[in-house]
Amino acid sequence: MLYAILCYNDEDAVFAWSKEQEETTMARLIAVQAPLAEAGKLGPVARLMPTTAATTLRKAKNEPIVIDGPFAETKEQLLGFYVVDFETLDDALEFSKELAVANPGVGSYEIRPLYAFRPGTIAT
């Protein structure tokens, strides 16, 4: 089963990290990811740019409306995501716990089963 693991944190705190803090954190995260990558279970991993770089297209009754920034104001922002192939939700939770230990500060990880849509196929 494919799972999306959505990573939320306070972007002001994360983007304020020093170069050394960034490098240390990334090294810890890569160490957590490495076994899954070697097993061919790790799909795309991405860190999103700050919400100040975001554009939202919001559905309206008539024409869609394009606005700057994220859809909603929150204390934590979606900063990145993983796509991982796990046998069970418990496996996805265990990986997320390891990410939480590797990542400094507070935050949260939302875990969702994922359907990958490709022309002519549906993969889970």
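This text goes with the structure placed above it.
Scope of this entry: the structure provided in the associated data block. All figures in this text were calculated on a predicted structure; none of them were measured in a lab. (Residues numbered from 1 in each chain as written. Predicted model: local features only at pLDDT ≥ 70, side-chain atom pairs only at ≥ 80, totals over all residues. Heavy atoms only, no water.)

Topic: the packing of aromatic side chains
What describes a pair of aromatic rings is the distance from one ring centre to the other and the angle between the planes of the rings.
Move 1: Counted by the stated rule, this structure contains three aromatic pairs.
Move 2: Ring geometry for Tyr 82 and Phe 95: centres 5.5 Å apart, planes at 85°, overall edge-to-face. On the criterion of sequence distance, the pair formed by Tyr 82 in strand β5 (residues 77-85) and Phe 95 in helix α3 (residues 89-102) is long-range, its members being 13 residues apart. Across the pair, Phe 95 and Tyr 82 agree in class, each one buried.
Move 3: The interplanar angle of 50° and the centroid separation of 5.8 Å between the aromatic rings of Phe 86 and Phe 95 together place this pair among those described as tilted. Across the pair, Phe 95 and Phe 86 agree in class, each one buried.
Move 4: Following the ring pairs from residue to residue traces out a cluster consisting of Tyr 3, Tyr 82, Phe 86 and Phe 95.
Move 5: The lysine or arginine in question, Arg 47, covers the ring of Phe 15, its NZ or CZ lying 6.0 Å from the ring centre. (Phe/Tyr/Trp six-rings, centres within 6.5 Å; stacked < 30°, edge-to-face > 60°. Helix = DSSP H or I, 4+ residues; strand = E, 2+ residues; numbered from the N terminus. Buried < 20%, exposed > 50% of the residue type's maximum accessible area, 1.4 Å probe, protein only. Lys NZ or Arg CZ within 6 Å of the ring centre and 35° of its normal.)

Brief notes about the sheet that holds strand β6 (residues 108-113)
Move 1: With antiparallel pairing, four strands are arranged side by side in an open sheet as β2-β5-β1-β6. Taken across any chain shown, the strands that pair with only one partner, and hence form the sheet edges, are β2 (42-47) and β6. Neighbouring strand axes in the sheet, compared pairwise and without regard to direction, differ in orientation by 20° on average.
Move 2: Pairing between strand β1 (residues 2-9) and β5: eight bridges, direction antiparallel. Bridge pairing links Asn 9 to Gln 77 in β5.
Move 3: Each of β2 and β5 is contacted by helix α2 (residues 19-38), which is oriented at about 165° to β2, the strand it contacts most.
Move 4: Strand contacts of α3: β1, β5 and β6, with the helix running at about 160° to β6, the strand carrying the most contacts. (Pairing = 2+ DSSP bridges. Axes fitted to C-alpha atoms, helices over the stretch in contact; angles between N-to-C directions. Contact = heavy atoms within 4.5 Å.)

Thoughts on the packing of α2 against α3
Move 1: The interhelical angle for the contact between α2 and α3, taken along N-to-C directions, is 160°, at an axis separation of 9 Å. Accordingly, the angle class assigned to the pair α2 and α3 is roughly antiparallel. For the pair α2 and α3, the sense of crossing is right-handed. Where α2 abuts α3, its residues Thr 25, Arg 28, Leu 29, Val 32, Gln 33 and Leu 36 lie against Phe 95, Glu 98, Leu 99 and Ala 102.
Move 2: In terms of residue class, the contact of α2 with α3 is made up of six nonpolar, two polar and two charged. (Parallel < 35°, antiparallel > 145°, perpendicular 65-115°, else oblique. Left-handed = near helix turned anticlockwise from the far one by under 90°. Nonpolar A, V, L, I, M, F, W, Y, C, P; charged D, E, K, R; others polar.)

Quick notes on α3
Move 1: With 14 residues, α3 should reach 20 Å at 1.5 Å per residue; the first-to-last C-alpha distance of 20 Å fits that figure.
Move 2: Buried within α3 are the following residues: Ala 92, Phe 95, Ser 96, Leu 99 and Ala 102. Considered in projection along α3, the buried side chains sweep an arc of 115° and stay on one side of the axis. Projecting away from the buried face of α3 at angles above 90 degrees are the exposed residues Asp 90, Lys 97 and Val 101.
Move 3: Looking at the buried side of α3, the elements it contacts are β1, α2, β5 and β6. (Expected span 1.5 Å × (residues − 1). Arc of directions from axis to C-beta.)

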